[in-house]
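Commentary on secondary and tertiary structure
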Amino acid sequence: MVNDKSIFTINDFSIYYGNFKAVNNIKLPIEANKITAIIGPSGCGKTTLLRSLNRMNDLITTSRVEGQVLFQGVDIYHKDTDVIELRRRVGMVFQKPNPFPSSVYENVAYGPKLKGIKKKSQLDEIVENALVRADLWKEVRDKLNESGLSLSGGQMQRLCIARSLAQEPEVILFDEPTSALDPISTANIENLLQQLQKTVTIIIVTHNMQQAARISEYTAFMYLGEMIEFGETDTIFVNPHNKLTEEYITGRFG
């Protein structure tokens, strides 16, 4: 199914909030340069699992983990992990577009500037490349000094993707990135993700099963914190092995 091309390997991994076990004993390989979708009903732990892959859950004081998440063969929960560098390499785009209240240019240049890049010609090149990769350059090249918040919802989400791309991540995590967007903007983002997977590994949490079926190579189905089934998307949607998966995909619950 998934072989040694895995960029992430999740082994016997559980996540707790206080005494509550939100994610239970997950085993999951994530193949490089593929789109992996995580589906399941609300509250099943899919966003919690996604956020654990760049340690966003560290921001919740009651959270703790057991087990192992290997990224490029290295355990990201090891005490010596540089979490800031991890989040550069594993970017994240959220459900609601969240541009900074600054110009389009400054939104994209923010990460590179933090890394110490000061030369304007170098920043100009990074910003343009990131906006081109996010399929936004043609729409904003004459608006680089305007506020990122002045863009449409779909453009703001692509700006957030460009902001992540400017950091040259190896993986981008997407948490229901089109749930706040109209159908045309959704289609634009889906097309963009399929282009990006040539250079970046994509993991997407989505409540939209049609979206998972359209764009992902692999699908993981979660229910009540458990990984019920994982496999190639075509198999999961056409011939699932688990009855619970079939019932969820055919709309009998969730």
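Scope of this entry: the structure provided in the associated data block. (Residues numbered from 1 in each chain as written. Predicted model: local features only at pLDDT ≥ 70, side-chain atom pairs only at ≥ 80, totals over all residues. Heavy atoms only, no water.)

Despite not being glycine, Asp-12 shows a phi value in the positive range, around 45°. You can see Asp-12 is positioned in strand S1 (residues 6-17). At Asp-135, a residue that is not glycine, the phi angle is positive and equals roughly 55°. Assignment of secondary structure puts Asp-135 in the loop between helix H4 (120-133) and helix H5 (137-140). The partly exposed category is assigned to Asp-135, whose relative accessible area is 47%. (Helix = DSSP H or I, 4+ residues; strand = E, 2+ residues; numbered from the N terminus. Buried < 20%, exposed > 50% of the residue type's maximum accessible area, 1.4 Å probe, protein only.)

On to the pattern of salt bridges, then. Tallied over the full model, the rule gives 12 salt bridges. In this structure, Asp-58 and Arg-55 form a salt bridge, with 2.8 Å as the shortest nitrogen-oxygen distance. You can call Arg-55 buried: its relative accessible area is 14%. Here Lys-120 ties to Asp-124 by a salt bridge, and the two come within 3.0 Å at their closest N and O atoms. Of this pair, Lys-120 and Asp-124 both sit in helix H4, 4 residues apart, which is roughly one turn of the helix. (Salt bridge = Lys/Arg side-chain N within 4 Å of Asp/Glu carboxyl O.)

Taken as a whole, the largest pocket encloses approximately 650 Å³ of empty space. Considering the residues around the largest pocket, the lining is formed by 21 residues, among which Arg-87, Arg-88, Phe-100, Tyr-110 and Gln-167 are closest to the centre. Broken down by element, the residue count for the lining of the largest pocket peaks at 4 residues, all from helix H2 (residues 83-89). By residue class, the composition of the lining of the largest pocket is 9 nonpolar, 6 polar and 6 charged. (1 Å grid on protein atoms, 1.4 Å probe; cavity = no way out; pocket = protein on both sides within 12 Å on 5 of 7 lines; lining within 4 Å. Points joined across faces, edges and corners; volume = space filled by probe spheres on them. Nonpolar A, V, L, I, M, F, W, Y, C, P; charged D, E, K, R; others polar.)

Below, the discussion takes up the sheet that holds strand S10 (residues 226-232). What links the strands of a sheet is backbone hydrogen bonding, and the strands pair in either a parallel or an antiparallel sense. Strand order across the open sheet formed by 6 strands is S6-S7-S8-S3-S9-S10, with mixed pairing between neighbours. Each of the sheet's edge strands pairs with one partner strand only, and the pair in question is strand S6 (90-93) and S10. Strand-to-strand twist in this sheet, taken as the mean axis angle between neighbours without regard to direction, amounts to 15°. For strand S9 (residues 218-223) and S10, the ladder comprises 6 bridges, and the chain directions are antiparallel. From the neighbouring strand, Ala-220 faces S10, where its bridge partner is Phe-230. Sitting on the sheet, helix H6 (residues 153-165) is in contact with S6 and strand S7 (171-175), with an inclination near 170° to S6. (Pairing = 2+ DSSP bridges. Axes fitted to C-alpha atoms, helices over the stretch in contact; angles between N-to-C directions. Contact = heavy atoms within 4.5 Å.)

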